[in-house]
Amino acid sequence: MSLIEITEVRKSFGSNEVLKGINLDIEPGEVIAIIGKSGSGKSTLLRCINGLETISSGAISVAGAQFIDDELHLKALRLKVGMIFQQFNLFPHLNVGENVMLSQKVVKKTPKQDAEALARKMLERVGLAHKFEAYPDELSGGQQQRVAIARALAMQPTALLCDEITSALDPELVSEVLAVVRELAAEGMTLVMVTHEMKFARDVCSRVVFMHEGKVHEIGPPEEVFSSPKTPELKQFLGMTAH
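To keep things clear, this report deals only with the structure shown in the data block. Everything numeric here is computed off the predicted structure, so don't read it as measured data. (Residues numbered from 1 in each chain as written. Predicted model: local features only at pLDDT ≥ 70, side-chain atom pairs only at ≥ 80, totals over all residues. Heavy atoms only, no water.)

It is worth spelling out the overall build of the protein chain at this point. Across its full length, the protein chain carries nine helices and 10 strands. Over its C-alpha trace the protein chain gives a radius of gyration of 18 Å, about what one expects of a compact globule, namely 18 Å for 243 residues. Projected onto its principal axes, the C-alpha coordinates of the protein chain cover approximately 55 × 40 × 35 Å. Long-range pairs, those at least 24 residues apart, make up 64% of the contacts in the protein chain with a sequence separation of at least 6. (Helix = DSSP H or I, 4+ residues; strand = E, 2+ residues; numbered from the N terminus. Rg over C-alpha atoms; globule rule 2.2 N^0.38 Å. Contact = heavy atoms within 4.5 Å.)

A word on the packing of helix 5 (residues 141–153) against helix 6 (residues 171–186). Their axes nearest at 8 Å, the elements helix 5 and helix 6 cross at an angle of 20°. It follows from the interaxial angle that helix 5 and helix 6 lie roughly parallel. Both helix 5 and helix 6 take part in a crossing whose hand is right-handed. Contacts from Gly141, Gly142, Gln143, Gln145, Arg146, Ile149 and Leu153 in helix 5 reach Leu173, Glu176, Val177, Val180, Val181 and Leu184 in helix 6. Its residues placed into classes, the contact of helix 5 with helix 6 shows seven nonpolar, four polar and two charged. (Axes fitted to C-alpha atoms, helices over the stretch in contact; angles between N-to-C directions. Parallel < 35°, antiparallel > 145°, perpendicular 65-115°, else oblique. Left-handed = near helix turned anticlockwise from the far one by under 90°. Nonpolar A, V, L, I, M, F, W, Y, C, P; charged D, E, K, R; others polar.)

To continue, consider the nonpolar core. In this structure, Ile84, Leu123, Val147, Ile149, Leu160, Leu184 and Leu191 are the most contacted members of the largest nonpolar core, which totals 50 residues. At eight residues, helix 6 tops the list of elements feeding residues into this core. The contact partners of isoleucine 149, leaving out residues within four places of it in the chain, are Ile84, Val126, Ile165, Val177, Val180, Val181 and Leu184. (Core = buried A, V, L, I, M, F, W, Y, C linked by side-chain atoms within 4.5 Å. Buried < 20%, exposed > 50% of the residue type's maximum accessible area, 1.4 Å probe, protein only.)

To continue, consider the packing of aromatic side chains. Under the criterion given, the structure shown has one aromatic pair. With a centroid separation of 5.5 Å and an interplanar angle of 35°, the aromatic rings of phenylalanine 210 and phenylalanine 237 are classed as tilted. With a gap of 27 residues between them, phenylalanine 210 in strand 9 (residues 207–212) and phenylalanine 237 in helix 9 (residues 232–237) connect regions that are remote in the sequence. Taking NZ or CZ as reference, lysine 11 lies 4.7 Å from the ring centre of phenylalanine 13, over its face. For arginine 120, the ring lying beneath its charged end belongs to phenylalanine 132, and the centroid distance is 3.7 Å. (Phe/Tyr/Trp six-rings, centres within 6.5 Å; stacked < 30°, edge-to-face > 60°. Lys NZ or Arg CZ within 6 Å of the ring centre and 35° of its normal.)

Before going further, it helps to spend a moment on the sheet that holds strand 4 (residues 57–62). Read across the sheet, four strands follow the order 2-1-4-5 without closing on themselves; strand pairing throughout is antiparallel. Two strands bound the open sheet, and with one partner strand each, they are strand 2 (16–26) and strand 5 (65–66). Set on the sheet, helix 1 (residues 42–49) makes contact with strand 1 (4–13), strand 2 and strand 4; between it and strand 1 the angle comes to about 120°. (Pairing = 2+ DSSP bridges.)

Spelled out as structure tokens, the structure:
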């Protein structure tokens with residue numbers, strides 16, 4: 001059974017249908033890159049998988065749990081699926097350690113001592129164990145994003161959704177964040193990433209999903225998708241001239 005099963009998912013905002021019948025199954029340990037133009041529905045799809053947006057029709061299940069629009073189910077879903085955004089969303093008045101501990105304590109009711117031990121462990125995973133006491137404004141953007149990754153990992157999710165997590169960073173900071181993601185992929189974490197980093201998608205991802213106008217337009221191994229796109233839309237997106 002797939003870890004994430006997305007079946008005929010549609011999502012409309014008013015009269016604007018953003019997702020037009022998405023079908024996608026993601027296996028445990030897969031690293032999926034979602035690429036496509038702005039407005040093709042990529043971020044909306046991630047937000048639906050995480051329960052931040054309710055779907056208009058279709059079905060999403062994560063690790064066998066059906067996505068049903070009520071608080072109890074949504075909470076269960078969010079415990080399984082971590083999400084990291086473009087903006088780091090760290091609380092400025094809390095230090096790094098407290099930021100990573102907060103949702104463990106609030107959502108999972110983890111005792112402070114355990115939450116702290118796990119926070120230290122996850123900060124170590126992203127190379128920031130020494131920043132436990134620092135405050136967000138003392139960190140670079142790349143470091144803040146790595147703290148956000150540690151915070152998501154501290155919830156021990158079965159899958160991690162990354163929405164353009166490098167697009168708000170200065171170019172020289174992108175590689176340190178991608179290095180952490182690369183490591184997570186190597187450890188077998190299931191990752192679904194909306195990304196513009198084509199080289200990263202090619203090197204690290206197991207499959208690439210090209211979304212176009214609210215649909216999964218092409219899907220396949222990176223080698224195939226990047227080297228021999230089947231549709232004019234993907235060729236155009238990749239900036240390839242039609243042969």
